[in-house]
Amino acid sequence: MSQDTGTHGSSTSSGTAGGSAGSTAPPMVDVFSDAEPDTALASNPAGHAIAAMADGEPRILTLTADLGAVLAEFRERHPGRYIELGIAETNSVSLAAGLAACDYLPYIFSMAPFGVIKCAEQLRTDVAYNHLPVRLVGRLAGLAMGFFGTSHHAVEDIAIARTLTNMTVVAPADSQAVLALMRSTAGLDGPLYLRVSEGALPVYAAPPRLRHGRWLRLRSGADVTLAGHGMGVGLAVRAAARLAGQGIEADVYDAAYLKPFDETEAVATARRTRRVVTIEDHNQIGGLASIVAETVARHRLSVGLRAVALPDADLEVGLPADLYEHYGLTVDGVVGAAHELVDA
Amino acid sequence: MTGTLERGRPVSAAQLSWRADWIRLETVRLIERAGLGHYTSTFSCAEILATLYYHTLRLRPGEPGWPDRDRFLLGKGHVATGLWPVLADLGYYPRGWLDSYGRIGSPLNDHPNMRLAPGIDFSSGALGHNLSVAAGMALAGRLDGRDYRTFVLTGDGELQEGQVWEAAMAASHYQLGSLVAVVDANGFSGAGPTSQAMNIEPLAGRFRAFGWLVHEVDGHDVTALTATFDGLPGTADGQPVCVIARTRKGHGAARLEQAPQAWHLGLLPAEIQAEVVAEISGRMG
């Protein structure tokens, strides 16, 4: 239940949280500006986390391709352990693989569209196939940089990353989940893609306990399942609260683990509710929607599915909040998708 | 073989040339067993492999993960048939493994896999990656305070990959003096002369412009190769080193050198193979 996991917003009354994404979504992030120390935790949790993690783990290094501002805290605390590589992402990934082959734990901080999509082959051939513990922290995933053009969209990254053998793929719901996943994945033997979508609404009051490969149940209900990752979790929690006011009880999951994913829990909730809505700032091909569809089909479950996701189409360009509104990645959108299944 | 093979081990030029020809013969033998393989691009770097592994590199075959070993990355991974017999001969694994080359379950693939074959410091196959990886290893060596060198063998066609120049920039920016790129400049890529596919010359000028110390040598002259590697600067901060080894694709067997492109990849008919083997064996005495 929501209280057990320390969520925000689960008690929010109908219609007040996220009725319009434009009115509640955080502002766009300027990753080229150093965060003030007192706001770093909120605006740059991964950068904040790695600075502290490196205190106790001398093998941790950080690398960026011209994104050093997000590591201002790390660079101050650990000079000499930050490697700037200029605007050269592919070199960054392969070079990190070389460091990892010499027993270092390199964390690459990158913009999601360039870190994963541009470097898919380097991640596959140099990192994943070799089981090397390179960590790619992809910031500004989904449409967080939607204002800048489709070149800056990262809506295929999960589809790519989760097909890479040996790769762990996680998408934290908010700042607290970023902290939790940065810490809990620190000891992974193999590679990691940690996908950060800065447009997320807050979900947790403290770092949640996200276990490897497990989905976290945030609310229990038998009428419809709402499963999201990244910003989708905040929408799911708020949509569930509104649905409850309408007499519809939702099973709500933080599906932060895209790979490995929680097949047991996905099947269990699908059996319970027979209706599953997935919510994600990703193409409807290859992400959580596909994972759930593949899973229920494999288990021969007859389940209604709705994907609150981005269409496989030329996407619009604009302010992230406006884009999410445009594509229905809103509380309204999730509530509507749930009704399509429940009212059918 | 146990213990440490130190740098600069005494070996005569004749012995190194003999070893290069032995690599060629073994390449022919392995390709015959597998049914397919890369001949001419392996032949072009036979002297380079022989000089590095039988003279230059500091190795400990009984302990492949020894932290202070010199690293060697086969950027042009398609010539692994030339490396497999060398690693077996030095004791990284039994010679019997060679017979499994290219088969399902074999640790010896057509391109090297670091997780399967002892002595392989990094996997390769996707051209253009290994110079970046090697820069990472050189950086790691500096962070660890170790004096190992990291060598990468690239083809000249491989240098058409843009990532190589990202790595070249990073190596000089970070003054990775322990990094050595050896270019097997045989003038050909898979489909024909490098100059026709995409001109990559002047190689020396390009590496110098990227901040590297450049040596240009005859890549089949083991005396010149030995002297060049012996003269490498210390491994402290400094310019990374590029050794441009001018070679001939298919060198060492007239039939192959006359048709370097035709025998880039293939399987020699029995009569041509016999001719090639006779020529090389005759030279080896």
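Note that the structure is a prediction, hence the values are computed from the model and not measured.

(A) Representation of the overall build of chain B in the model. Within chain B one finds eleven helices and seven strands. Over its C-alpha trace chain B gives a radius of gyration of 18 Å, about what one expects of a compact globule, namely 19 Å for 285 residues. By residue count, 54% of the 285 residues in chain B fall in the buried class. Of all intrachain contacts in chain B linking residues separated by at least 6 positions in sequence, the fraction that spans at least 24 positions is 77%.

(B) The arrangement of the interface of chain A and chain B in detail. Residue-level contacts link 21 residues of chain A with 19 residues of chain B. Taken together, the elements giving at least two residues each to the side of chain A that touches chain B come down to helix 5 (89–101) and helix 7 (120–128) of chain A. The leading source of residues in the side of chain A that touches chain B is helix 5 of chain A, at nine residues. Classifying every residue of the side of chain A that touches chain B gives eleven nonpolar, eight polar and two charged.

(C) Spotlight on the domain arrangement of chain A. All names here are of chain A. According to the domain assignment, chain A consists of domain 1 (37–195) and domain 2 (208–342). The C-alpha-based centres of domain 1 and domain 2 are spaced at 25 Å. Taken together, the contact between domain 1 and domain 2 spans 28 residues of the former and 26 residues of the latter. Per-element tally for the side of domain 1 that touches domain 2: the top contributor is helix 9 (residues 175–184), with five residues.

(D) Quick peek at the packing of helix 10 (residues 231–245) of chain A against helix 14 (residues 331–342) of chain A. Residues and elements named next belong to chain A. Relative orientation of the contacting elements helix 10 and helix 14 amounts to 60°, with a least axis distance of 8 Å. The orientation of helix 10 with respect to helix 14, classified from their angle, is oblique. Note on packing geometry: the crossing formed by helix 10 with helix 14 is right-handed. When helix 10 is examined against helix 14, the residues Leu235, Ala236, Arg238, Ala239, Arg242 and Leu243 are found in contact with a partner set consisting of Val331, Val334, Val335 and Ala338. When grouped by side-chain class, the residues that make up the contact of helix 10 with helix 14 number eight nonpolar, no polar and two charged.

(E) Structural view of the sheet that holds strand 2 (residues 82–84) of chain A. Residues and elements named next belong to chain A. Taking strand neighbours across the sheet as the criterion, the seven strands line up as 2-1-3-4-6-5-10 in an open arrangement whose pairing is mixed. Every interior strand has two partners, whereas the edge strands, strand 2 and strand 10 (257–259), have only one. Each adjacent strand pair in this sheet contributes to an overall mean axis angle of 20°, direction not counted. When strand 1 (residues 60–64) meets strand 3 (residues 105–111), the two strands line up parallel, connected through five bridges. When the bridges of strand 3 are listed, Leu63 appears paired with Ile108. Across the sheet, helix 3 (residues 45–56) is in contact with strand 1, strand 3, strand 4 (135–139) and strand 6 (192–195); its angle to strand 1 comes to roughly 150°.

(F) Focus on helix 3 (residues 46–56) of chain B. In terms of burial, helix 3 of chain B is a largely internal element, eleven of the eleven residues being buried. Within helix 3 of chain B, the full set of buried residues consists of B:Ala46, B:Glu47, B:Ile48, B:Leu49, B:Ala50, B:Thr51, B:Leu52, B:Tyr53, B:Tyr54, B:His55 and B:Thr56.

(G) How the structure looks around the nonpolar core. Ranked by size, the top nonpolar core spans 202 residues in total, and within it A:Leu226, A:Val334, A:Ala338 and B:Ala135 carry the most contacts. Here this core gathers at least three residues from each of two domains, domain 1 (37–195) and domain 2 (208–342) of chain A. Setting aside residues up to four positions removed in sequence, B:Ala135 forms contacts with A:Leu95, A:Gly98, B:Ala167, B:Ala170, B:Ala171, B:Leu176 and B:Leu179.

(H) Spatial organisation of the confidence of the model for chain B. Overall, the prediction assigns chain B a mean pLDDT of 96, with 99% of residues at 70 or greater. Across the predicted assembly, pTM comes out at 0.93 and ipTM at 0.96.

(I) Spatial organisation of the sheet that holds strand 6 (residues 213–218) of chain B. Residues and elements named next belong to chain B. Taken in spatial order, the five strands of this open sheet run 1-2-3-7-6, and their pairing is parallel. Each edge of the sheet is formed by a strand with only one pairing partner; in this case those strands are strand 1 (71–74) and strand 6. On average, each strand axis in the sheet is inclined to that of its neighbour by 20°, with strand direction left out of account. Bridge count for strand 2 (residues 150–155) against strand 3 (residues 179–185) is six bridges, and the pairing is parallel.

Parameters at a glance
- Numbering of residues begins from 1 in every chain and follows the order in which that chain's sequence is written.
- Just so you know, chain letters begin at A and ligand numbers begin at 1, following the order they were written in.
- Selection of residues for local features in this predicted model requires a pLDDT of at least 70, selection of side-chain atom pairs for listing and counting requires 80 or more, and totals for whole chains, interfaces and linings are taken over all residues.
- By definition, any uninterrupted DSSP run of H or I lasting at least four residues is a helix, any uninterrupted run of E lasting at least two residues is a strand, and each is numbered from the N terminus.
- Throughout, radius of gyration means the C-alpha value; the globule benchmark is 2.2 Å times the number of residues raised to the power 0.38.
- Using C-beta atoms placed from the backbone, we call a residue buried if 20 or more other C-beta atoms fall within 10 Å of its own, exposed if 12 or fewer do, and partly exposed for counts in between.
- Once C-beta atoms have been placed from the backbone, residue pairs whose C-beta atoms lie within 7 Å are recorded as contacts.
- Residues are grouped as follows: nonpolar covers Ala, Val, Leu, Ile, Met, Phe, Trp, Tyr, Cys and Pro; charged covers Asp, Glu, Lys and Arg; every other residue, Gly included, is treated as polar.
- Domain segmentation is taken from an automatic or database assignment of domains.
- Axes here mean lines fitted to C-alpha atoms, for a helix over just the part in contact, with angles spanning 0 to 180 degrees between N-to-C directions.
- When an angle is under 35 degrees it counts as roughly parallel; over 145 it counts as roughly antiparallel; between 65 and 115 it counts as roughly perpendicular; any other value is oblique.
- Crossing handedness is defined as follows: a turn of the near helix away from the far one that is anticlockwise and smaller than a right angle gives a left-handed crossing, while the clockwise case is right-handed.
- Paired strands, as defined in this entry, are two strands with at least two bridges between them according to DSSP.
- Any set of buried Ala, Val, Leu, Ile, Met, Phe, Trp, Tyr and Cys residues joined through C-beta atoms within 7 Å is what this text calls a nonpolar core.
- Across the chain, each position has a pLDDT score giving the predictor's confidence in that residue, from 0 to 100.

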